[in-house]
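# Examination of the molecular architecture
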Amino acid sequence: MEMGVGSVEGVLETYKLAIYEKDVENFLSVYDADVHIYDCWGKWESKGIASWRENVVNWFNGMREEGEILKVEFNDVTIEENSNLAFVHCAVTFAAYSGKSEEKLRQITNRFTFGLKKVNESWMITHEHSSLPIDMETGKGMFE
């Protein structure tokens, strides 16, 4: 059995590394079985790890097919935690690079909120909410 992640910062590092490596199992290892996710891409809501796994597999497979590498950066991270619960909000930048030329293809920054709980001394994401601000005139997400 894999060791869990003992710090909230460690969860964010696992998240970042697992996306870079397109490692579905490592990525999902920081999510609780009953995770509830509000996403701003594709399926807007996922309830439970099986539903979230489906989204993640599709996401990572899409990157593999396109030959892309995704680098994640966390900015303006605020962590509030006690012994069993933690709350994180931050800006997360996803930058896609060509796996061949290493040229930056695109990047987007989303706002994220994570709710975590400690299970057997490991921090697990129980809720994740990502969003973009909306341009009130067009109704479209603002990407800057």
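One numbering rule holds for all chains: residues counted from 1, following each sequence as written. Reporting of local features is limited, given that this is a predicted model, to residues whose pLDDT is at least 70; pairs of side-chain atoms are given and counted only at 80 or more, and all residues count toward the totals for whole chains, interfaces and linings. The basis for every side-chain value is the complete set of heavy atoms in the structure, and neither hydrogens nor water enter the calculation.

As recorded by an unreviewed UniProt entry, the protein chain carries the name Nuclear transport factor 2 family protein and is attributed to Sutcliffiella horikoshii.

## Some details on helix α3 (residues 49-66)
Here α3 spans 25 Å end to end across 18 residues, near enough to the 26 Å set by a 1.5 Å rise per residue. Throughout this description, buried means an accessible area under 20% of the type-specific maximum (1.4 Å probe, protein chains only), exposed means over 50%, and partly exposed covers the range between. The helix and strand labels rest on DSSP assignments: H or I over at least four residues marks a helix, E over at least two residues marks a strand, and numbering proceeds from the N terminus. Every buried residue of α3 is listed here: S51, W52, N55, V56, F60 and M63. What you see down the axis of α3 is that its buried residues fit within an arc of 160°, all on one side. Those residues of α3 that are exposed and angled more than 90 degrees off the buried face are A50, N58 and E65. We call two residues in contact whenever any of their non-hydrogen atoms come within 4.5 Å of each other. The inward-facing, buried residues of α3 abut α1 (8-21), α2 (24-28), β1 (31-38), β2 (45-47), β3 (68-81) and β6 (122-131). The positive-phi residue at the C-terminal boundary of α3 is G67, with phi of around 65°. Expected span of a helix, by definition, is 1.5 Å for each gap between consecutive residues, and there is one gap fewer than residues. As used here, the arc is the angular range of directions from the helix axis to the C-beta atoms.

## Let's talk about the nonpolar core
Counting 34 residues, the largest nonpolar core has Y15, F27, Y31, F94, F114 and L116 as its most contacted members. Those elements giving two or more residues to this core turn out to be α1, α2, β1, α3, β3, β4 (85-98), β5 (104-119) and β6. Contacts of Y15, omitting those with residues within four sequence positions, involve F27, Y31, V72, F74, F94, F112, F114 and E128. To qualify as a nonpolar core, a set must consist of buried Ala, Val, Leu, Ile, Met, Phe, Trp, Tyr and Cys residues joined through side-chain atoms within 4.5 Å.

## Notes on the packing of aromatic side chains
Between 30 and 60 degrees the pair is tilted, below 30 it is stacked and above 60 it is edge-to-face, where a pair is any two Phe, Tyr or Trp rings, Trp via its six-membered ring, whose centres lie within 6.5 Å. Across all of its chains, the model carries 13 aromatic pairs by this definition. Each ring, one from Y15 and one from F112, has its centre 6.4 Å from the other, and the planes form 75°; the classification is edge-to-face. With Y15 in helix α1 and F112 in strand β5, this residue pair connects regions lying 97 residues apart in the sequence. Overall, the relative accessible area of 2% leaves Y15 in the buried class. Note on F112: relative accessible area 5%, which makes it buried. Among the aromatic residues, those joined into a cluster by ring pairs are Y15, F27, Y31, W52, W59, F60, F74, F94, F112 and F114. Taking NZ or CZ as reference, K71 lies 4.6 Å from the ring centre of Y97, over its face. Whether a charge sits over a ring depends on NZ of Lys or CZ of Arg being within 6 Å of the ring centre and within 35 degrees of the ring normal.

## A word on the sheet that holds β3
A strand pair is defined by DSSP finding two or more bridges across the two strands. On the basis of which strands lie adjacent, the open sheet formed by 6 strands has the order β2-β1-β6-β5-β4-β3 and mixed pairing. Pairing within the sheet leaves two strands with one partner each, and these edge strands are β2 and β3. This sheet shows a mean twist of 25° between the axes of neighbouring strands, independent of strand direction. Sheet topology places β1 next to β6; 4 bridges connect them, and they run parallel. Across the sheet, the residue bridging to I37 is E128, located in β6. Note on geometry: axes are lines fitted to C-alpha atoms, helical ones only across the stretch in contact, with angles between N-to-C directions running from 0 to 180 degrees. Across the sheet, α1 is in contact with β1, β3, β4, β5 and β6; its angle to β3 comes to roughly 170°.

## Section: the pattern of salt bridges
The term salt bridge refers to a side-chain nitrogen of Lys or Arg lying within 4 Å of a carboxyl oxygen of Asp or Glu. Inspection of the entire model under this criterion finds 4 salt bridges. A salt bridge links E13 to K16, with the nearest nitrogen and oxygen atoms 3.4 Å apart. Here E13 and its partner K16 are both found in helix α1, 3 residues apart, which amounts to about one turn of the helix. Under the relative-accessibility criterion, E13 is labelled partly exposed at 46%. For K16, a relative accessible area of 26% gives the class partly exposed. In this structure, K117 and D32 form a salt bridge, with 4.0 Å as the shortest nitrogen-oxygen distance.

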